[in-house]
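The primary structure of each chain is shown beneath.
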Amino acid sequence: MQFPENCETTTLEDMIEQYFEPELLTNDNKYRCESSICNSSLQDFEKSMEIDEYPNHLIINLARFQYDPVLQRRSKILTNVHYPQTIHLPNQNGENYFLYGVVMHSGNSAHNGHYYTYARNSQEVSLGKNSRWYKLNDSSVAPSSYNSFCRITETMSRDVAYILFYVRENVKPNLQSEMYPELMIAQVEEDNKDYKGLRQKRKQKRDFSFFPPDDSNRRDPPGPGGFNTGFEGSRMIF
């Protein structure tokens with residue numbers, strides 16, 4: 001979704017309205033008519049977009065990166081946008097879409113930066129339940145809020161929303177969507193168990209042991225990553 005030109009701040013509602021506005025194709029941008037009536041000639045044309053079927057999940061990609069002909073490179077658009085928790089699509093008969101996920105890009109350049117996410121349970125949101133927000137940043141997952149997300153975008157100009165996820169109101173979950181979370185939870189729990197075991201093993205390797213074995217005349221070789229301390233019958237293991 002494109003940003004309005006020469007605008008420091010805008011709203012997502014205005015960008016959606018602009019997206020569906022008819023576009024006049026004239027002058028150098030005329031449309032070639034393939035009909036036999038116009039003999040495949042270039043004609044003035046009005047182009048418009050309509051939604052044939054409204055989706056359960058609406059994913060909005062903001063065109064934050066563009067080519068700068070002056071600098072001859074890609075640049076990042078830092079325009080501030082107001083992101084509502086509820087939006088309406090054109091000709092939608094009053095049906096609501098609720099925000100449940102945001103992918104953020106942090107950085108001033110289009111060539112590098114850092115991505116992190118704000119998210120909450122889409123099924124709970126669709127059914128009108130008060131679902132808690134979380135901030136997911138690499139391996140860190142912490143409770144957050146919609147206000148925290150808005151505060152970041154308003155005060156940190158380089159931290160901007162890149163992709164937004166909305167869910168339609170009162171979407172009934174199907175059988176598959178009810179089964180998958182249980183399988184995913186089991187996989188996550190198993191992965192966490194393996195990770196805790198690995199951390200425990202690493203911790204044990206980092207412990208220092210200076211107690212000599214029963215046979216003081218025997219000197220064991222150092223373990224993996226370790227080295228001999230030079231003390232009789234002792235070793236240091238990382």
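Use the structure listed above.
Residues numbered from 1 in each chain as written. Predicted model: local features only at pLDDT ≥ 70, side-chain atom pairs only at ≥ 80, totals over all residues. Heavy atoms only, no water.

Q: Just checking my understanding: could you explain unusual backbone geometry for this structure?
A: Outside of glycine, negative phi angles account for most residues, and trans bonds account for most peptide bonds. Phi is positive for Asp138, close to 55°, though the residue is something other than glycine. For Asp138, the location among the structural elements is in the loop between β13 (133–137) and β14 (140–144). The exposure class of Asp138 is exposed, given its relative accessible area of 65%. A positive phi is found at Asn170, a non-glycine position, where the angle reads about 60°. As for its position among the elements, Asn170 is in the loop between β15 (159–168) and α4 (175–206). (Helix = DSSP H or I, 4+ residues; strand = E, 2+ residues; numbered from the N terminus. Buried < 20%, exposed > 50% of the residue type's maximum accessible area, 1.4 Å probe, protein only.)

Q: Could you clarify how one ought to interpret the nonpolar core in this entry?
A: Inside soluble globular proteins, nonpolar side chains tend to come together where they are buried. Of all hydrophobic cores here, the largest spans 28 residues; its most connected members are Leu12, Ile60, Leu62, Phe149, Leu164 and Tyr166. Elements supplying a minimum of two residues to this core: α1 (12–19), β6 (57–61), β11 (97–106), β12 (114–119), α3 (146–155) and β15. Of all the elements, β11 adds the most residues to this core, at four residues. (Core = buried A, V, L, I, M, F, W, Y, C linked by side-chain atoms within 4.5 Å.)

Q: Looking at this model, I keep getting lost on the side chain of His105. Mind explaining?
A: In this fold, His105 is placed in strand β11. What makes His105 buried here is its relative accessible area of 2%. At 3.4 Å, the side chain of His105 forms a polar contact with the backbone oxygen of Asn112. (Polar contact = N/O pair within 3.5 Å; in protein donor to acceptor, adjacent residues only side chain to side chain.)

Q: Even after reading the chapter, I still don't get the side chain of Ser126, so can you show me in this structure?
A: In this fold, Ser126 is placed in helix α2 (residues 122–126). Overall, the relative accessible area of 2% leaves Ser126 in the buried class. A polar side-chain atom of Ser126 sits 2.7 Å from the main-chain amide nitrogen of Val171. For Ser126, the contacting residues outside a window of four places in its chain are Phe98, Val167, Arg168, Glu169, Asn170 and Val171. (Contact = heavy atoms within 4.5 Å.)

Q: Looking at this structure, how should I read the packing of aromatic side chains?
A: The geometry of an aromatic ring pair is captured by two quantities: the separation of the ring centres and the angle between the planes. Taken as a whole, this structure holds nine aromatic pairs when the rule is applied. The interplanar angle of 55° and the centroid separation of 5.6 Å between the aromatic rings of Tyr118 and Phe149 together place this pair among those described as tilted. In this pair, Tyr118 sits in strand β12 while Phe149 sits in helix α3, placing the two residues 31 residues apart along the sequence. A relative accessible area of 1% means that Phe149 is categorised as buried. A network of ring pairs unites the aromatic residues Tyr83, Tyr116, Tyr118, Tyr146 and Phe149 as a single cluster. One residue, Lys135, lies across the ring of Tyr116, its end atom 5.0 Å from the ring centre. (Phe/Tyr/Trp six-rings, centres within 6.5 Å; stacked < 30°, edge-to-face > 60°. Lys NZ or Arg CZ within 6 Å of the ring centre and 35° of its normal.)

Functional significance is not addressed by these values, which are geometric in nature.
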